[in-house]
Amino acid sequence: AMLEAIKYKRFKVILIGGSVREPSMSMVGSLAESNLKLFYCDKLFLGVDSFSVEAGLSTPNVEEASTNQTMISRAREVIAVFDSSKINKRALAFIAMPDKINTIITDKNIPQAVRSQLKTAIKKARIGGTDREKVIRFAIRRVDQACAKGLLHKNTAARKKSSMAVKMNKLA
């Protein structure tokens, strides 16, 4: 994502440091967390490995869970992004309960029973397209809308969009 964002000369790239978690290419650990605590975030787009209404968000990596918790604590709005294959799953490390999430962006392959639960547990459940690529495109549109309304800084928007573009490339 960083290499993609650097291509745009008008954006300033800030690296938070920490250890690189290879599968997701995310920065994790105490260095990343201490640096994240220096910033506030209007909108956090958080990709997750597992979600259930009962157990909340989770990930198989303990360090990533802790870093995600720090990001959630610094965000005004938390937007969880995941496809329906992540629903009703629970991984090793807890991130947050559904009441900490403002919006969910996902595809439309969610079972009807889960849709009903989401409507009561989450403020906004955005049921998007039919596949992962459409979910990511939907999230990119939300970033553009937030930026246009002045709710999201252009640098932050560029980082989010480039991160999502990298995920889309991995799907191809």
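Residues numbered from 1 in each chain as written. Predicted model: local features only at pLDDT ≥ 70, side-chain atom pairs only at ≥ 80, totals over all residues. Heavy atoms only, no water.

Caption draft 1: Layout of the overall build of the chain. For the chain, the helix and strand inventory stands at six helices and nine strands. When contacts within the chain are restricted to residue pairs at least 6 apart in sequence, long-range pairs at least 24 apart make up 66% of them. As displayed, the chain has an accessible area near 9,700 Å², and 54% of this comes from carbon and sulfur atoms. (Helix = DSSP H or I, 4+ residues; strand = E, 2+ residues; numbered from the N terminus. Contact = heavy atoms within 4.5 Å. Areas by Shrake-Rupley, 256 points an atom, 1.4 Å probe, with all protein chains shown as cover.)

Caption draft 2: Up close: the packing of aromatic side chains. Considering all chains together, one arrives at one aromatic pair under this definition. Ring centres of Phe51 and Phe82 lie 5.2 Å apart, and the angle between their planes is 20°; on these two criteria the pair is classed as stacked. Here Phe82 lies in the loop between strand 6 (75-81) and strand 7 (93-96) and Phe51 lies in strand 4 (residues 50-52), a separation of 31 residues in the sequence. As far as burial versus exposure is concerned, Phe51 and Phe82 are alike and both buried. (Phe/Tyr/Trp six-rings, centres within 6.5 Å; stacked < 30°, edge-to-face > 60°. Buried < 20%, exposed > 50% of the residue type's maximum accessible area, 1.4 Å probe, protein only.)

Caption draft 3: Region of the structure containing the pattern of salt bridges. According to the stated counting rule, one finds four salt bridges in the structure shown. Among the ionic pairs, Glu64 bridges to Arg21, the shortest N-O distance being 2.3 Å. Residue Glu64 is located in helix 3 (residues 62-74), and its partner Arg21 is located in strand 1 (residues 19-21); the two are separated by 43 residues in the primary sequence. For the residue pair Glu64 and Arg21, the accessibility class agrees, reading buried in each case. Residues Lys43 and Glu77 are paired through a salt bridge, measuring 2.6 Å at the closest nitrogen-oxygen approach. On the criterion of sequence distance, the pair formed by Lys43 in strand 3 (residues 41-47) and Glu77 in strand 6 is long-range, its members being 34 residues apart. As far as burial versus exposure is concerned, Lys43 and Glu77 are alike and both buried. (Salt bridge = Lys/Arg side-chain N within 4 Å of Asp/Glu carboxyl O.)

Caption draft 4: Representation of a nonpolar patch on the surface within the structure. Taken together, the side chains of Ile14, Leu38 and Phe39 define a hydrophobic patch exposed on the protein surface, amounting to about 300 Å² of accessible area. Examined against the element boundaries, Leu38 turns out to sit in the loop between helix 2 (30-36) and strand 3. (Patch = residues over 30% accessible without salt bridge, like charges linked within 9 Å, V, L, I, M, F, W, Y side chains within 5 Å.)

Caption draft 5: Representation of the side chain of Arg21 within the structure. Taking the relative accessible area as the measure of exposure, Arg21 reaches 14% and is therefore buried. With residues up to four places along the chain from it excluded, the contact list for Arg21 reads Ser26, Val28, Pro60, Asn61 and Glu64.

Caption draft 6: Representation of the sheet that holds strand 7. Pairing within the open sheet is antiparallel, and its three strands lie in the order 4-5-7. Looking at which strands have only one partner, the edges of the open sheet turn out to be strand 4 and strand 7. Averaged over all adjacent pairs, the angle separating strand axes in this sheet is 30°, with direction ignored. Pairing of strand 4 with strand 5 (residues 56-59), which is carried by three bridges, proceeds in the antiparallel orientation. Looking at the pairing, Ser50 lines up with Ser58 of strand 5. Against the sheet, helix 3 makes contact with strand 5 and strand 7, and its axis sits at roughly 10° relative to strand 7, the strand it touches most. (Pairing = 2+ DSSP bridges. Axes fitted to C-alpha atoms, helices over the stretch in contact; angles between N-to-C directions.)

Caption draft 7: Region of interest: unusual backbone geometry. Even without a glycine there, the phi angle at Asn88 is positive, about 60°. Structurally, Asn88 can be placed in the loop between strand 6 and strand 7. Here Asn88 falls in the partly exposed class, since its relative accessible area comes to 46%.

The analysis is restricted to geometry; functional conclusions fall outside its scope.
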